[in-house]
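# Survey of secondary and tertiary structure
Here is how the chains run, residue by residue.
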Amino acid sequence: MPTALAYQAAAHEVMDRHLWDFVEGGAGDERAVLANVHAFDAVRLRPRVLTGCGEPSTKTRILGRHWRTPIAVAPMAYHTAFDDGGEVSTASGADRAGCPLVVSTFAGRRFADIAAATTIAPWLQLYCFKDRSVTRHVIETAEAAGFEVLVLTVDTPRLGRRLRDERNGFRLPDGVLPANLPPGDFSSPSEHSRTAFDPGLDWTVLDWLRSITALPVLVKGVLAAEDAELAIKAGAAGVIVSNHGGRQLDRAPATLDVLAEIAAAVDGRCPVLLDGGVRRGSDVLAAAALGADAVLIGRPVLHALAAEGSEGVARLLVAVAEELADTMVLTGTASLSDARPELVIGRRQPTVEL
Ligand SMILES: Cc1cc2nc3c(=O)[nH]c(=O)nc-3n(C[C@H](O)[C@H](O)[C@H](O)COP(=O)(O)O)c2cc1C
Ligand SMILES: CC(C)CC(=O)C(=O)O
């Protein structure tokens, strides 16, 4: 069975060193990158026996759509740096595994071509630029291509200081460009983001989004129960518990460590998704037990794409989904709604009461 670890090793063999550092790296001392993975490593599951659960259901329903398995691909910039087909390859691989793809504002392929490669309507990850006309254009292009959901990234008023990229003087490989943005100089993500991203966003950005689109908006980058509450008040259709894979705030908490607190605050009013460090099917079940309706997988998908293209993406995601089903059988968990916090040993209980 192909694992995330095996694809990481395979990608390391084939990837340019600076590109590797761009993908693997995080902000500062990379505490938050490690914290995500360590939080999952520390999980032990408490199996129940003789439950009669031999054929578990991994199905779920998110924003009115049926998902075969509670796994989607996290938004990541520039898949064309890893495979010539870029996001088109990722979308078709994810489709074969039954997983939706969240497409980055900085996708290297046109939204219409990405949408045509999958039977599952993609979601658009949105960076809100100072120039709102550009942001609006990105949304309209995605809507015209049939995208169904917006994911507003809120943890990036400025890009985290990524020391590997600073040391390497990182520049995108020649020919790697965002396919859905007006022409500009994108060669250094840190320099571009400094001039283009709006550092002064507040919750009223959701009002503006609602005034220009009817698509549901999920807020990605929530790490505090108070912000989940504010997101719902501002009209968000869901929250994504994320620390951007440790690429933003070096001392951000592991996402798994704040999940229960946020799920308790949301209390079923909207879907709660999580990303950061999800590598195994057993990680998916732990996240479900602590309140996630679905998870997103980031770096391992790029590793699989770099190592084996579209086929690699499909094989990785199928493997994680099968491992989720295995773990459900072995813990006596018949369905995702049966995954309760008692399944997980040694996690802290919610700490914030609203
Ligand atoms: C190379 C790379 C590019 C990324 N680009 C984006 C992006 O364009 N927009 C965004 O919201 N998050 C972006 N992310 C963050 C991911 O969406 C996600 O939060 C994170 O990778 C999940 O953690 P994991 O990689 O440990 O699975 C990026 C992450 C990586 C590794
Ligand atoms: C081009 C970057 C802004 C993409 C990103 O979000 C990241 O590298 O984490």
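Residues numbered from 1 in each chain as written. Chains lettered and ligands numbered in written order. Predicted model: local features only at pLDDT ≥ 70, side-chain atom pairs only at ≥ 80, totals over all residues. Heavy atoms only, no water.

- Looking at an unreviewed UniProt entry, the protein chain carries the name Alpha-hydroxy acid oxidase, with the source organism given as Streptomyces hyaluromycini.
- Check the Cofactor (unreviewed entry) section of the UniProt entry for the protein chain; it says "FMN".
- Under Sequence similarities (unreviewed entry), UniProt gives the following word-for-word description of the protein chain: "Belongs to the FMN-dependent alpha-hydroxy acid dehydrogenase family." (UniProt positions renumbered as here; feature names shortened; annotations may be inferred.)

### Describing the site of ligand 1
- In the neighbourhood of ligand 1, 22 residues make up the surrounding shell, with Pro75, Ser104, Thr153, Asp275 and Arg279 lying closest.
- In the environment of ligand 1, an oxygen atom lies 2.8 Å from a nitrogen or oxygen atom belonging to the side chain of Asp275.
- Separating an oxygen atom of ligand 1 from a backbone N or O atom of Arg299 is a distance of 2.9 Å.
- Protein contacts shield 98% of the accessible area of ligand 1, which totals 600 Å² for the unbound molecule.
- Secondary-structure elements contributing two or more residues to the shell around ligand 1 are helix H2 (17-24) and helix H13 (299-331).
- Here the shell around ligand 1 is composed, by residue class, of eight nonpolar, nine polar and five charged. (Near = heavy atom within 4 Å. Polar contact = N/O pair within 3.5 Å; in protein donor to acceptor, adjacent residues only side chain to side chain. Areas by Shrake-Rupley, 256 points an atom, 1.4 Å probe, with all protein chains shown as cover. Helix = DSSP H or I, 4+ residues; strand = E, 2+ residues; numbered from the N terminus. Nonpolar A, V, L, I, M, F, W, Y, C, P; charged D, E, K, R; others polar.)

### Quick word on the nonpolar core
- Judged by nonpolar contacts, the single largest core of 101 residues is most densely connected at Ile71, Phe82, Phe111, Leu124, Leu259, Leu274 and Leu317.
- The element that contributes the greatest number of residues to this core is H13, accounting for twelve residues.
- Discounting residues that sit within four places of it in the chain, Leu317 has contacts with Ile71, Val73, Ala94, Ala97, Cys99, Ile297 and Val301.
- Judged by nonpolar contacts, the second largest core, of 13 residues, contains Ile62, Ala74, Leu218 and Leu296. (Core = buried A, V, L, I, M, F, W, Y, C linked by side-chain atoms within 4.5 Å. Buried < 20%, exposed > 50% of the residue type's maximum accessible area, 1.4 Å probe, protein only. Contact = heavy atoms within 4.5 Å.)

### Quick look at helix H4 (residues 87-96)
- Judged by how many residues are buried, H4 sits mostly within the fold: eight of ten residues are covered.
- Residues of H4 that are buried in the fold lie against strand E4 (71-73), helix H5 (111-116) and H13.
- Just beyond H4, the residue with positive phi is Gly98, at close to 80°.

### What about helix H11 (residues 255-266)?
- Between its terminal C-alpha atoms H11 stretches 16 Å, which fits the 16 Å expected from twelve residues at 1.5 Å a residue.
- Of all the twelve residues making up H11, ten are buried; the element is thus mostly covered by neighbouring parts of the structure.
- When we look at burial in H11, the residues that qualify are Thr255, Leu256, Val258, Leu259, Ala260, Glu261, Ile262, Ala263, Ala265 and Val266. (Expected span 1.5 Å × (residues − 1).)

### Brief notes about the pairing of strand E8 (residues 217-222)
- Among the six residues of E8, six are classified as buried, and the element is accordingly described as predominantly covered.
- In this fold, E8 hands off to helix H10 (residues 225-233), which returns the chain to strand E9 (residues 238-241); that crossover is right-handed. (Right-handed = clockwise from strand over helix to strand, strands pointing away.)

### Quick word on the site of ligand 2
- Around ligand 2, the surrounding shell consists of Phe22, Ala77, Phe106, Tyr127, Leu159, Arg162, Pro189, Phe197, His244 and Arg247.
- A distance of 2.4 Å separates an oxygen atom of ligand 2 from a polar side-chain atom of Tyr127.
- Here an oxygen atom of ligand 2 sits 2.9 Å away from a polar atom, N or O, in the side chain of His244.
- Look at ligand 2: alone it shows 280 Å² of surface, and the protein chains cover 93% of it.
- Looking at the shell around ligand 2 residue by residue, the class counts come to seven nonpolar, one polar and two charged.

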